[in-house]
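One letter stands for each residue in the lines below.
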Amino acid sequence: MGRLRLLIVAVAALVICRSMTPREPVNELSFKGDPQTQEQLGEKLFFEKKLSADQSISCASCHIPSHGFADTVAFSTGVGGRRGKRNAPGCTNLSGRPYLFYDGRAPTLEDQVRFPIEDKLEMGLPIEKAVGRLQADKKYVALFTKIYGAPPSQERLEGAIAAFERTLETSHTPFDRYMAGDSLAISASAIRGRELFMGSKTKCFDCHFSPDFTGDEFRNIGLYDGVKLKDTGRYVITRNAADIGKFKVPGLRNVAVTAPYMHNGMFRTLKEVIEYYDDPYKVVPKPINMDTLMAKPLKLTAEEKLDIEQFLISLTDDRFVKK
Ligand code: HEC
Ligand code: HEC
């Protein structure tokens, strides 16, 4: 079932996207001149430092475009040099997600926008003030009026950024070309890695299913022990004891360029992640509430570990591959 669905969606996505040219990896606006659409206005706002208290931080400061819109450090720096508490994940392939953030506290991309703007460790600006700054800026008033027929508002600010984020769906990957029938698009190692990823030996696909390799569920992979690892994850939102240590299963497209990994950025490389899954207890001896899928060491061979890594690398969109 899962595989068939995956194949159908991958092929459909490929057909749709063939007509569009992938964007170059840039850490600046992808268009020249003034934004003409909601998406472009949203992109401009994504890079807008005015949306932070001291005008030093934009969304792109932590969600770096060339790194799959993720940060390269475990904990990002926000206004006033403050350190965040979780790792900034990538912002690609989020349009279908019913939960955002590791604890799922935002249900839509629109709703998500105000959190980083208001977060004292991130942009540190009350949303009304952020909107007020746009309303006091003649250029933005003109742009919003041209595109929305109305001046800046919280709703339109959130709508524009969300519209931009929805353009960040990625399917120009070796993996998608392989699924569409190009048997040479990925290496023999990556093909073996795919089989392992889907199979019962690793059970990766039990949690990382669907075309974006997330089932949008919350699971506990053993990264909470109440002593050194104290982020309780989903529990903070639901206050249900069964949710202690559960985090949103992240999608895995472009994961090769979004290091470091996990909610706390504790793994620097995909190799470290795969070593962890091979035997979680070696890294966290006393996890609390860990998923039963993780209970036994996988006993992967060195080659199998490399194969899984190669498969994960094959999920990288062309725009993020350094030429
Ligand atoms: C100071 C760093 C920082 C800034 C600035 C920042 N973010 Fe984030 N972002 C994060 C971190 C850290 C998380 C994960 C937090 C969590 O899960 O609790 C995150 C999570 C997200 C997510 C959820 C991703 C997912 O897979 O659930 C989205 C979407 C997002 N940010 C978009 C934005 C937008 C839009 C802006 C600008 C308005 C922004 N971020 C500004 C650090 C930042
Ligand atoms: C029980 C469900 C489950 C299983 C099984 C599972 N994962 Fe995960 N995976 C998760 C969750 C939940 C996270 C996020 C955990 C966190 O941030 O603390 C995650 C995170 C990851 C990440 C890091 C992503 C990022 O952006 O930080 C990678 C890579 C990954 N998994 C790959 C795999 C591979 C490969 C396998 C099989 C060997 C696998 N997963 C098996 C649930 C699972």
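As the structure is a computational prediction, the values presented were derived from the model and not from experiment. (Residues numbered from 1 in each chain as written. Chains lettered and ligands numbered in written order. Predicted model: local features only at pLDDT ≥ 70, side-chain atom pairs only at ≥ 80, totals over all residues.)

A. Structural context of the overall build of the protein chain. Check the secondary structure of the protein chain and you find 15 helices and 2 strands. Computed over its C-alpha atoms, the radius of gyration of the protein chain comes to 20 Å, within 12% of the 20 Å expected for a compact globule of 323 residues. Looking at the protein chain residue by residue over its 323 residues, the buried ones come to 43%. Across the protein chain, contacts joining residues at least 24 apart in sequence account for 66% of those joining residues at least 6 apart. (Helix = DSSP H or I, 4+ residues; strand = E, 2+ residues; numbered from the N terminus. Rg over C-alpha atoms; globule rule 2.2 N^0.38 Å. Buried ≥ 20, exposed ≤ 12 C-beta atoms within 10 Å, placed from the backbone. Contact = placed C-beta atoms within 7 Å.)

B. Expanded view of the domain arrangement of the protein chain. If you check the domain split of the protein chain, you get domain 1 (31-165) and domain 2 (174-320). Once you take the C-alpha centre of each, domain 1 and domain 2 turn out to be 27 Å apart. Taken together, the contact between domain 1 and domain 2 spans 19 residues of the former and 21 residues of the latter. (Domains from an automatic or database assignment.)

C. Representation of unusual backbone geometry in the model. Across the junction of A259 and P260, the peptide omega takes the value 0°, indicating a cis bond. The topology assignment puts P260 in the loop between β2 (247-248) and α13 (270-278). Here the phi dihedral of Q55 falls at roughly 60°; this positive angle occurs in a residue that is not glycine. Relative to the helices and strands, Q55 resides in the loop between α2 (38-46) and α3 (59-62). Of note in the backbone geometry, S210 takes a positive phi value of approximately 75° without being a glycine. For S210, a count of 16 C-beta atoms within 10 Å corresponds to the partly exposed category.

D. Looking closely at the nonpolar core. By size, the foremost hydrophobic cluster in this structure holds 34 residues, and its most contacted members are L45, L51, I117, M123, L157, A160 and I161. Elements with a contribution of two residues or more to this core: α2, α3, α6 (127-135), α7 (138-148) and α8 (154-165). Top element by residues in this core is α8. It accounts for 6 residues. Ignoring anything within four residues of it in the chain, the contact list for A160 reads Q38, L41, G42 and L45. Grouped together as the second largest cluster of nonpolar side chains are 27 residues, Y224, M262, M294 and I308 included. (Core = buried A, V, L, I, M, F, W, Y, C linked by C-beta atoms within 7 Å.)

E. Broad picture of the site of ligand 1. By nearness alone, 24 residues border ligand 1, and C59, C62, F101, Y102 and P116 come closest of all. Elements that contribute at least two residues to the shell around ligand 1 include exactly α3 and α5 (114-118). By residue number, the principal contributor to the shell around ligand 1 is α3, which donates 3 residues. For the shell around ligand 1, a count of residues per class yields 15 nonpolar, 6 polar and 3 charged. (Near = placed C-beta within 6 Å. Nonpolar A, V, L, I, M, F, W, Y, C, P; charged D, E, K, R; others polar.)

F. View of the site of ligand 2. In the vicinity of ligand 2 there are 29 residues, among which C204, C207, Y261, H263 and Y277 approach most closely. Elements supplying a minimum of two residues to the shell around ligand 2: α11 (204-207) and α13. For the shell around ligand 2, the element with the most residues is α13, which contributes 4 residues. Taken together, the residues that form the shell around ligand 2 break down as 21 nonpolar, 4 polar and 4 charged.

G. Inspection of the environment of E48 at higher detail. Assignment of secondary structure puts E48 in the loop between α2 and α3. Residue E48 is classed as buried on the basis of its C-beta count, with 20 C-beta atoms lying within 10 Å. Distance from E48 to S58, taken between C-alpha atoms, is 5.3 Å for residues 10 residues apart in sequence.

H. Structural context of the packing of α13 against helix α15 (residues 302-313). Remark: α13 packs on α15, axes separated minimally by 10 Å, with the N-to-C direction vectors making an angle of 130°. As the angle between them shows, α13 and α15 are arranged oblique. Between α13 and α15 lies a crossing whose hand is right-handed. Note on element contacts: α15 touches α13 through K305, I308, E309 and L312, opposite L270, K271, I274 and D278. Across the contact of α13 with α15, the residue classes tally to 4 nonpolar, no polar and 4 charged. (Axes fitted to C-alpha atoms, helices over the stretch in contact; angles between N-to-C directions. Parallel < 35°, antiparallel > 145°, perpendicular 65-115°, else oblique. Left-handed = near helix turned anticlockwise from the far one by under 90°.)

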